[in-house]
Amino acid sequence: MCCHACIQYYNNYEHDKVITQLVYIYKQSIRMSQKRALPSYITSQHNIDGILNPKFISADPEHIEKVNNFPLRPDDTFVTCYPKSGTHWLMKIVLLIVNNGDDQYVQRAPQLFNDYQWFEAAGMPGYPGLDKIHDLPSPRLFFGHQYYSRLPGGPPNTTQARYIYCARNPKDVAVSFYHHSLKRSGINVECDLSWDEFLDHFLRGEVSFGSWWEHIPKWWAHRDEPNVLFLKYEDMKKDLPISIKTISDFLGYNIDQDTLQKIAQATTIESMKVNSVAWSEKQFLRKGVVGDWKNHFTPAQSEAMDKVYCKVVEGTGLEFEFN
Ligand code: A3P
């Protein structure tokens, strides 16, 4: 029973029957929604302001409010990417630049809590709280997967901190994300989806940390702000030394040619795999190539994503290499 007109019609007929019908329809709809039970992938995460987040991310409104108002310094640096776009690669590059290629940083992967702070998880069990982050000496390094408008301390055009953002083509991101979600099944997010199902979720933007289709265009729209550096994974793969130079110039570090080559050598996927033997986060290093999507997408899936992609990038000037 859907509208006033229907009610009126039934009023002339028999009021009780209308009520019985309404109750029946209501019960049917409940039964149908119960049949469409949500996958664990969704129920093992929580929804924070419309964005799906693993449970180790704080949903406490008081904490979120404090993060939103966190005081930043001009020499704070954020490495922030949509998941599976090279976040940990960029973290390692920035860590080496800031430490002038120091060997101890070549040998290890960026350490959370020591080298980088993660606001979304701050204060959760095992993660330092905001007070500790507040008191850290400069230069402080932060990382995360935040939307442009949801950054700690406010969006970049309201702060003096520096933001390095790396974007990657959505087909490779989806594949990388699926593999990662499977591996992380023991840590809060239970991925009970097949590849086909995961891809449907990805196309709808129903994956951890939000929608590729909203995240990337929002950052892209702000790419020319002086404290924002927008990079692409595919460009970094093509010419790593040039990307490292771009990043160090942006951060104001004048590294010499030898150091630059050393950093480039230390941050290839091969070197990072060798140096991350003792790294519990080895899961962030998989193939590290452009075009792995071709091993996973069917032609129909590729076409479906092309449609969404074209709609999203149309008129924005944003484009990616897929091969
Ligand atoms: P694949 O799963 O496609 O291999 P994030 O750090 O944002 O989670 O991104 C992880 C992705 O970046 C993984 O992609 C990983 O292999 C890739 N990656 C990590 N280090 C890399 C490097 N040095 N060079 C190229 N890709 C790298």
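Since this is a predicted model, take the numbers as computed values, not measurements.

Peer 1: Looking at this structure, how should I read the overall build of the protein chain?
Peer 2: Regarding its fold elements, the protein chain presents 15 helices and six strands. When each of the 323 residues of the protein chain is scored for burial, the buried share is 32%.

Peer 1: Teacher, can you tell me more about the site of the ligand here?
Peer 2: Taken together, 21 residues are adjacent to the ligand, and Thr87, His88, Ser176, Arg286 and Gly288 come closest. A per-class count over the shell around the ligand returns seven nonpolar, nine polar and five charged.

Peer 1: What exactly am I supposed to notice about the packing of helix α8 (residues 170–183) against helix α9 (residues 195–204) here?
Peer 2: Any two packed helices are characterised by how steeply their axes cross, that is the angle between the axes, and by the distance between the axes. At a minimum axis distance of 10 Å, the contact between α8 and α9 shows a crossing angle of 120°. The angle between α8 and α9 places the two elements in the oblique class. Relative to α9, α8 is oriented so that their crossing is right-handed. On the side of α8, the interface is formed by Ala174, Phe177, Tyr178 and Ser181, while α9 contributes Trp195, Phe198, Leu199 and Phe202. Looking at the contact of α8 with α9, its residues break down into seven nonpolar, one polar and no charged.

Peer 1: Help me understand unusual backbone geometry, please; the structure alone is not making it clear to me.
Peer 2: Only a minority of non-glycine residues have a phi that is not negative, and only a minority of peptide bonds are not trans. The linkage connecting Ser138 with the following residue, Pro139, adopts the cis geometry, with an omega of -5°. With respect to the helices, strands and loops of the structure, Pro139 is situated in the loop between α7 (130–135) and β4 (141–144). Here the phi dihedral of Asp49 falls at roughly 50°; this positive angle occurs in a residue that is not glycine. Of note, Asp49 is situated in the loop between β1 (45–48) and β2 (51–54). For Asp49, a count of 11 C-beta atoms within 10 Å translates into the label exposed.

Peer 1: Explanation requested: the environment of Pro139 in the structure shown.
Peer 2: Among the residues examined, Pro139 registers 15 C-beta atoms within 10 Å and is labelled partly exposed. Residues Pro139 and Asp75, spaced 64 residues apart in sequence, show a C-alpha to C-alpha distance of 5.6 Å. In this view, Pro139 contacts Asp75, Thr77 and Val98; residues no more than four positions away in its chain are not counted.

Peer 1: I'm lost on the nonpolar core in this one. Help?
Peer 2: Soluble globular proteins tend to bury their nonpolar side chains together. Leu90, Ile93, Val94, Ile164 and Tyr165 are the most contacted members of the largest nonpolar core, which has 61 residues in total. Sorting elements by how many residues they give to this core places helix α5 (residues 87–98) first, with eight residues. Those residues in contact with Ile93, other than ones at most four positions away along the chain, are Ile244, Ile247, Ile263 and Thr267.

Peer 1: Looking at this structure, how should I read the packing of helix α12 (residues 240–251) against helix α13 (residues 257–266)?
Peer 2: Relative to each other, α12 and α13 sit at 120°, their axes nearing to 9 Å. By the angle class used here, α12 and α13 are oblique. In this structure, α12 crosses over α13, and the sense of that crossing is right-handed. Touching Leu240, Pro241, Ile244 and Lys245 of α12 are Leu260, Gln261, Ile263 and Ala264, all from α13. Taken together, the residues that form the contact of α12 with α13 break down as six nonpolar, one polar and one charged.

Peer 1: Before we go on, may I ask you to explain the confidence of the model for the protein chain in this structure?
Peer 2: When pLDDT is averaged along the protein chain, the result is 88; 85% of the residues meet or exceed 70. Throughout residues 1–7 the model reports pLDDT below 50, and contacts reaching past four residues in sequence, or to other chains, amount to seven contacts.

Peer 1: Help me understand the pairing of strand β5 (residues 162–167), please; the structure alone is not making it clear to me.
Peer 2: Looking down a regular strand, the side chains alternate between one sheet face and the other. Within β5, six of the six residues are buried, which leaves it mostly tucked inside the rest of the structure. Side chains Arg162, Ile164 and Cys166 project from β5 onto one buried face, and the interleaved Tyr163, Tyr165 and Ala167 project onto a second face that is buried too. Where strand β3 (residues 77–81) and β5 come together, five bridges link them in parallel fashion. The residue bridging Thr77 from the neighbouring strand is Arg162, located in β5. Bridge count between β5 and strand β6 (residues 228–232): five bridges; the pairing is parallel. Along β6, the bridge assignment pairs Tyr163 with Val228.

Cut-off values and rules
Residues numbered from 1 in each chain as written. Predicted model: local features only at pLDDT ≥ 70, side-chain atom pairs only at ≥ 80, totals over all residues. Helix = DSSP H or I, 4+ residues; strand = E, 2+ residues; numbered from the N terminus. Buried ≥ 20, exposed ≤ 12 C-beta atoms within 10 Å, placed from the backbone. Near = placed C-beta within 6 Å. Nonpolar A, V, L, I, M, F, W, Y, C, P; charged D, E, K, R; others polar. Axes fitted to C-alpha atoms, helices over the stretch in contact; angles between N-to-C directions. Parallel < 35°, antiparallel > 145°, perpendicular 65-115°, else oblique. Left-handed = near helix turned anticlockwise from the far one by under 90°. Contact = placed C-beta atoms within 7 Å. Core = buried A, V, L, I, M, F, W, Y, C linked by C-beta atoms within 7 Å. pLDDT = per-residue confidence, 0-100. Pairing = 2+ DSSP bridges.

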